[in-house]
Each structure stands twice: as C-alpha cells, then as structure tokens.
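# Report on the structure
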Amino acid sequence: QTTLTVASLMGPDRPESKVWERIGEIVDDKLPGAFSFNVVPNAALGAEKEVAQAAKLGSVQASLSTISLMSSWVPEAQIFDLPFLFRDSEHLIAATKSKVGDDIKAKLADQGFIVPAFIDYGARQLLTKTPISAPGPLKGMNMRVIQSPLHMELWSNYGANPTGIPIVEAYNALQTGVVDCMDLTKSAYVSFKLYEVVPYMTETAHIRAAGVVYFAQPFWATLNDEQKQVLGEAAVEGAAYFNELVRADEDTAMATAAEAGAEVIQPTDMEAWVAGAKPVWTSMADTVGGMDRIDAIRELS
Amino acid sequence: MSLTLDQGVPEGLAWRAGRVLDVASAWLSAIAALVLAGLMVLVVSGFVLRYAFSSSIMGAEAAGIWLNVAIVGLGAPLALNSTLAMRLDVFQRLLPRHVRLGADMVAEAMTLLSGLVIAHGSYTVTRIVGGTNAGLGLPEWIPFALFALGGGLVVLFTVLKLIADGRIATLVVALALAAFAFWLAGSGIRIETGLPKSLILGLIVVVGLVVAAPLPHAFIAGAFLVVPFGSPLPEPAILNSAVSGIMKFLLLAIPFFLLTGTLLARSGVATRLIEFAGALVGHMRGGLAQTTLLTNVFFSGASGSSIASAAFGAATFQPELERHGYPPAKAGAIIAATSVLDNVIPPSIAFLILAMATNLSVGQLLVGGLWGGLVMAVALFVVIRLTCRDAPVSAPAAGGTRWRLALRAVPAFGLGLIVVFGIRLGLVTTTEAAAMAALYTFGLSVWFGVGARGLVAAFRQSATEAAAIALLIASAAPFAFLLAVDDISGLIGDLAAFFGQGPVAALLVSAIILFLVGLVLDIGAAILLFGPLLLPIATAAGIDPIVFGVIMVVNLMIGGLTPPFGVLVFVVGGVTGVPTAHLFRAVLPHVAGLTVALFAISLFALVWAAIA
Ligand code: NA
Ligand code: NA
C-alpha cells in the first residue's frame, strides 16, 4: 500500500480537508487497498508555498493551492484571478475547462504540479465599517490587501491606500482603525469573526478565488496508467464536491454573520467597479497570454 | 591512541588555522552586522512610506525575509562557538575521559554532517524549486542559496576550529563518520523498524544532546539520518522545511529585539533604569536583589530577549551583588531567575515564536504576557524577601529624588510604550515596532556618546545571536513536520483523554509534557514543536487560547532555569564564570516561587474556562 502525505491548510472539518477524504474513498472503491491518504490538517506541514515546494521536493504528494500561488511558477494562471472577468462560479469553471484551462494545466505539469481539476474557493467580497455600494467612498481609505501586484493595483485604481497586514492581525488593525476595510471570501470573513469590526459586506465578488487540486510530479511518475486515471478522475469528482462544500459553508457562514448583525449590500454602479478593474486587465494582458485570451474568456457562456 | 595523536599537531598549522578562523569570523560578523543594519533601514522605511506617503515598497516584505536568511547563513558558523551554540554539556562532563573523547567525535561528526546536509540539500533545492517571487521579481531559489552558504561555512569553521585546537584525531574520525553517514543516507539502503520516524529522530537528537552536539545541528543531522529509516522527508525537503521555517516576516523582530537590548545596555540608559529602581526598592530588605528584580521588570518592557537580559544582568549586577556580600552562586541565581521576565513581559521573542507557530494574535498574546509577567514578578519579590537578609543598600530616597530619577529613565520607558502600544493598537506590525525600537535605541546610543566601535559591536553581537536563534527555529521545522505526519497531536490528545476530560486534565497533561520537554529543549524549539500540538487540546477543553499561550511560555521559561538544559543559567554561568551546577542549586527557591506563579495563572485559566 502506498501512503500519500496530503497537506491541508485548514481543520479536519473544513472543505480543504474533507475533499481529500472523499477523493480517498473514491480511489479506494476502484483500487481497494492500493493507496492510503494521510491528510495532515491545520497547516501543520507548512503554509501554501512551503507545501507546494515540498511537493516538488518529494515530501508532500498532494494538496490544494490557490491560483495566486501557482502563478509564481506559471504566471499565465493569473488569468483566473482577474477582477470582474467572471460573471459567476459557473463561468469560472467553464473557463478552466476551456482551451485556456488545458494550456495552464500543461504548463503546471511542466513545473511539477499535476492538476486534474480546478476549484473555486468562493468570491472575494468587500468588507467595510460603513455601508458602501459604489467605489467612490474607497478614495483615501486605508485598505488591507494581499501583497500581490494584481490586488494592489486594483484597489489603488479606486483610490484606496493598500496596506499589507498579516491576516491574523487584520481584526486588530480594523478595530483600532489602522485600516478601514479589506476584502475576503465569505467563509474566511466569518471564521476570523471580522463581522465584529467590519459589519458591512458589499457583494462585489470582484475576484473569484480560483485554485487547483494537484498531485506532485515525483509521486505521479511512480504510477501506472490505470492508477493515474483513477486518481485523476477521483480528483475531478473531489473538486466538484469541494465547490459544493464551499457553497454550503458560505451559506452557513453568512447566516452566522447575519445573526451577529452583519449586513450584506448589493453593489451599485457596476460600470465604475468594472472601470477600476479594466486597467488591471491591460497591465496583466501580456503576462496572462494576451488581450485576445481575456476577451475569449469573457465571451464564454 | 587518539589521545596521543591529538597532541601531535604541528604548532604552526594550528596557529595558522586559528588565525584564518579569527579573520574569517571578523569578516563574517561584519557583513552580518551590515545586513542587519540594512534590514533595520528597510523595515523602518516601509513604515515611514505607509504613513507619510501612503505607499509601500513592492516586495519589501520578501526582501526583509531574504536578508534575514542571509544573516542566518552568515551567522550560523559564528554561533558554533558562542554562548548560544546550544550545547548541553551536563552529561558530557560526567563521562570518563576516554569516553568523552569518543563523545566529542560523535558531536563534531553531527555538526559536520549537518553542515554538509545544509549545503548539499539547499543546493539541490535551488536546482528544483523554480518559481519567481511576485513581489521582488527574483527567483525563489535565492534564500536557499544563502542557506547553502551557511552550511558550507559551518563545515569549514568546524574543521578550522578542530585544527586550531590541535584535535586532529577528532577531526579525522568525525569527518569519516560524517562522510559515511552522508553516503549511507544517499545510498538508497532502507531499514524497516516499524517505529514512527519522529520517534527515531527524537532518539538521535537525544544522542546529540548527550554528546553535547549543538542542538540545531543535532536536529538537522537527525532529520537526515532518519532518511534510511524511511522518512517521508528526503534531503532537499528537509531543507525546504527548515528554510521555510524561518521565512516569516514576524521572525524579523528577533534580531531587532536583540539589538534593542544590547544597545539599551551600551547606551547607559539601562543604568538609569537601575538608579530609578534602586530609588524605589533599594531601602528594603534585600534591597539590591529587589533592585535587580525591578530593573528587570523595566528592562523587560523594552527588550524581548531573556538571554539579552541575563547577559546584561550578569555583567551589571553580579559584581555589585557580590560586593554587597551575596555568595556568587546566589547572585547569579537572582540574575538568571529575574531574566525570565523578559520573555514574558512584552515585547517577547517567545510569544513571537508562539504566534508564528500557532497563528494566535501577537497583540493579544502580549497583553496576556504582561499580566503573566507581573504575577511572576510578585512571586520573585516574595522569594527574594524570604531568602535575602542583607542590609538595605540605601536610605529611602526622597520623593524629589525619585521623580528626578524617573525622569532620567523616561527614554527607556518611551521605548516600551512605542513597542507595546504600537503593536496593541495595530499602528505597526510587530516587526516594524521592533525595528523602530532598535532604531530608537540606536539614536539614544548615538545621543549618549556610544562610539562607532561600540555600535558596530552591538550589531555584530545581535546578528550572531539572531542567527543562532533562527538556526534553531529552522532546524526544528523538519522535526515538527515529522511529528505532524505521525499525528503525534492525536496521540497527545489520547493521553489527555486518558487523564480525563476537561480543562484540568488538559492543563495537567500539557504541564507534564512541557516540564519534560523543558528539561532538554530550548524554549524556542519547545514552543515550535509542542505549541501547535498542545494548543488544540487546551482550546477543546475550553481554555482560552491566549491564557494557555501564556501558561505555555511561563512553563518553558521556568525550564530555562532547570538542569540539564537551562539556557539562562548557561548564559549567566558563561558571563560570570560561576559553575552552572552551583547556579542550578542556588536558583531552586526562585524556581519554586515561579512554579507557584504558574499554578496561580493556571488556576485563573480554570476559573476563566468555568465562567466563559
Ligand atoms: Na520583554
Ligand atoms: Na531546563
């Protein structure tokens, strides 16, 4: 029996860990006793980047990763992180299954990450202390953002001052007014109890946090064709299950937030929101494979 | 045979090796000092840009992290011969002479093997890892190359030191052992034992401790030696784990806290704290001991390192205490025990490491630490009251004098305020606060006339100490990886369940584990390995995670005073020359007092858990 060390960044009851339970079950159904999945939760094997590097170096056999991390190896992957490019989750999934998705999978494989399927961690939403529906009031606000050129540029375009603060200190920084707003997925909004300090969520869904299910190349190379097929198909099924779990988790999370007094606001003046995102597309176009590619994805149904 | 061989070194060769070692050390520490200065400027400018210009340097965080890895690479060989080499020499000194020689050979072989693995493994990572850092636009292999350099230098320095000491036989045998082990692990030979790999690693580390190998190198050599036993961590993955372990922005605060402590002493501001403390408590029974304690409380508010505080106290208070009739061991014990406070009262390196390992909020931990530290200070006050019967050093100071001395100590208090409120209010990140504190004490040092030579020396010393601490953090990471793969936290959970459900069982189990761990491991390594394992058990039992973090740090800090591995006693012994065995005995009443304090804090945690 081959034991896979699988790294999960979250607790055993979170989608990030449960997806591997499911994949393990499917694999065991088809190839009884061949593989055992040792899922190590709570980021005990390191943060996302460390885990991905460990996969290349042979100590981790499988994990999930966000697209932003993967773009350190394959910059083209950032196309799935472009703001206001995707209408909804279905649009994103369709894009990952298109030719663009296949191309990025091939490039990731060259870098040592075998990606049977993409996943959707849920959309990032704007979190503020006072209700905001159009981008205007962001001007001059201090905003906690991820330290990535794409994110920094987006919020600068709306006139906000992007500030890098570690996620565990974000609550404190919002409470004391060092920053006035931030953006995050719904699940994380609630798991960090941020509704206590930024009770207004504008459902901008500006960036769909996309990710991948990957197996490590050094491990993959030891498999025969049948095993590769079984693991690959299990991962595809697992990815669909993960997306379902995330949706359900978001609903539970938002119910909790609502109970605690959080308010969800629908964005208005979508033109102004998208106008702030367009320059990001332009500046990222060369990196992600050209404006044609962005347009092709936009027209995908 | 080797005894005679070991004496037969050509004197000229030994002398030349010694010279090369001195010159190389001087250069390395100068470069490391320069990198530390650059790091300070980088972090402070990040803060200035944010508030003055609402902008930031792209990739500043990554650049800072890489510079810190450079400091570790440069400082790793220097740490080998410092007080922070983390060699546990208690068992080794008990060994008969010829056995001791064998132990020395094994210890040096472990260091050589570790250096070899660091160099070769990191180099392998640079070839495989790939990827570009988004912030810097530079390849991600660069920090691994810096670390590889450190490994090579460790090998070089170990060889030179052995030649300089004339221990040629030790060198030859150690090199042969290291080469053999390196070949064996790479040969593909596999030994099946059925034991958890983390357990095998733990046993190898124990061997390393017994023969007095430097703890970080015992960890790295051990992680590598588990490979033939079927470790899930191949050589390059060991190095990925180790280097990733120190690539955290939060850890940049450590060199700054060390620098602050060193400069505080050099600038003479620490002396003002002593005068003020003396005016407040000098007239009491055991006045000088109480002054030492109160000065430590003040000093703790500005410095984050108990080691810095112990070194400062040993240099400053030991002669004074002895002059006032304290037996040397008792004086040293008071200094070692009071220096515990520095890592509990904020700022604190221990809490930084804990926050990093467990993702708890640093801001909240620091507040918890303040309360914990004050409880400990009260306990130490009582112990000193009961054990010191010497006459007061001074008549009660007049109110006016106290105010004047308080005013003179303001520069030091200002520092504590910057750090604690800056972090607590979230105005600055912990790392920025630490960098600003370092810059502030740098300014004070210049203001109070510390010369260029003294300033450079402070940077050199801090860079070397920071490298030693970071190297330990790095080397413990592969061990933590194996503990996680083997699901040791599940095992500990079962153990806790065996003692019963609820907060009392959880506290009891963690107290036992931390006590045992604290006997042999350094505080930093213990927090890294056991913080993430114990915290979930405590929180599941309803204990507040922050209070539990405080309990854990207090518990381990007490371990810094107990044999066989009591780092604070080692430092005081190293500076004062008092035998550590005497210090360990003299510090017992203080350990008892601190244990009572720990008990009180635990009781608070239980009451808190019951009402929350
Ligand atoms: Na402190
Ligand atoms: Na100890």
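Residues numbered from 1 in each chain as written. Chains lettered and ligands numbered in written order. Predicted model: local features only at pLDDT ≥ 70, side-chain atom pairs only at ≥ 80, totals over all residues. Heavy atoms only, no water.

To keep things clear, this is the line we draw: UniProt positions are given in the numbering used here, feature names are shortened, and annotations may be inferred rather than shown by experiment.
Chain B carries the name Tripartite ATP-independent transporter DctM subunit in an unreviewed UniProt entry, which gives Amorphus orientalis as its organism. Under the UniProt heading Function (unreviewed entry), the entry covering chain B gives this text: "Part of the tripartite ATP-independent periplasmic (TRAP) transport system."

### Considering the layout of surface pockets
Residue and element names in this part refer to chain B. Short version of the rule: Only protein atoms enter the calculation, which uses a 1 Å grid: trapped sets of points that fit a 1.4 Å probe without letting it out are cavities, open sets showing protein on both sides within 12 Å along at least five of seven lines are pockets, and any residue with an atom within 4 Å of a point is a lining residue. Grid points are joined across faces, edges and corners, and a volume is the space filled by probe spheres set on the points. Only runs of H or I of at least four residues qualify as helices and only runs of E of at least two qualify as strands under DSSP, and these elements are numbered from the N terminus. Here the nonpolar group is Ala, Val, Leu, Ile, Met, Phe, Trp, Tyr, Cys and Pro; Asp, Glu, Lys and Arg are the charged ones; every other residue, Gly included, is treated as polar. All the domain ranges listed were derived from an automatic or database domain assignment.
Of the pockets and cavities examined, the second largest pocket occupies roughly 600 Å³. Lining the second largest pocket are 22 residues, with Leu199, Phe479, Leu483, Val517 and Phe530 positioned closest to its centre. Counting residues per element, the lining of the second largest pocket draws most heavily on helix H8 (residues 197-210), which supplies 7 residues. Residues belonging to the lining of the second largest pocket are distributed by class as follows: 20 nonpolar, 2 polar and no charged. If you count residues domain by domain, the lining of the second largest pocket takes at least three from each of domain 1 (11-247) and domain 2 (251-450 + 486-611).

### Looking at the pairing of strand E2 (residues 35-40) of chain A
Residues and elements named next belong to chain A. Quick reminder of the rule: Note on pairing: DSSP must find at least two bridges between two strands before they are called paired. Handedness of a crossover is defined as follows: orient the strands so they point away from the viewer, and if the path from the first strand over the helix to the second runs clockwise, the crossover is right-handed.
In this sheet, E2 lies alongside strand E1 (residues 2-7) in parallel orientation, the contact comprising 6 bridges. The partner of Thr5 across the bridge, within E2, is Asn38. With respect to chirality, the unit in which E1 leads through helix H1 (residues 15-30) into the neighbouring parallel E2 is right-handed.

### Describing H8(B)
As a reminder, the rule being used: Multiplying 1.5 Å by the residue count of a helix minus one yields the expected span of that helix. Relative accessibility decides the category of a residue: with a 1.4 Å probe and only protein chains considered, values under 20% of the type maximum give buried, values over 50% give exposed, and everything between is partly exposed.
Between its first and last C-alpha, H8(B) extends 20 Å over 14 residues, near the 20 Å set by a 1.5 Å rise per residue. Those residues of H8(B) that sit buried are Lys197(B), Ser198(B), Ile200(B), Leu201(B), Gly202(B), Ile204(B), Val205(B), Gly208(B) and Leu209(B).

### With respect to the domain arrangement of chain B
All names here are of chain B. Heads up, the rule is: Should any heavy atoms of two residues lie within 4.5 Å, those residues are counted as being in contact. The quantity reported as buried area is the accessible area (1.4 Å probe) lost by two parts once they are put together, taken as the sum for both. Here, a salt bridge means any Lys or Arg side-chain nitrogen found within 4 Å of an Asp or Glu carboxyl oxygen. Nitrogen and oxygen atoms within 3.5 Å of one another constitute a polar contact, given that in protein one can donate a hydrogen and the other can accept it, and given that sequence-neighbouring residues count only through two side-chain atoms.
If you check the domain split of chain B, you get domain 1 (11-247) and domain 2 (251-450 + 486-611). Computed from C-alpha coordinates alone, the two centres of domain 1 and domain 2 are separated by 28 Å. Tallying the contact residues gives 28 residues for domain 1 and 26 residues for domain 2. When domain 1 packs against domain 2, close to 2,300 Å² is buried across both sides, 78% of that on carbon and sulfur atoms. It is Met40, Val43 and Phe47 that lose the most area in domain 1 upon contact with domain 2, and together they represent 22% of the buried surface on that side. Our enumeration of links across domain 1 and domain 2 arrives at 0 salt bridges. Linking domain 1 to domain 2 there are 2 residue pairs in polar contact (both at pLDDT 80 or more). Listing elements by their share of the side of domain 1 that touches domain 2, those giving two or more residues are helix H2 (11-53), helix H3 (60-79), helix H4 (90-94), H8, helix H9 (215-225) and helix H10 (235-246). The biggest single contributor to the side of domain 1 that touches domain 2 is H2, with 9 residues. For the side of domain 1 that touches domain 2, the class distribution of residues is 18 nonpolar, 5 polar and 5 charged.

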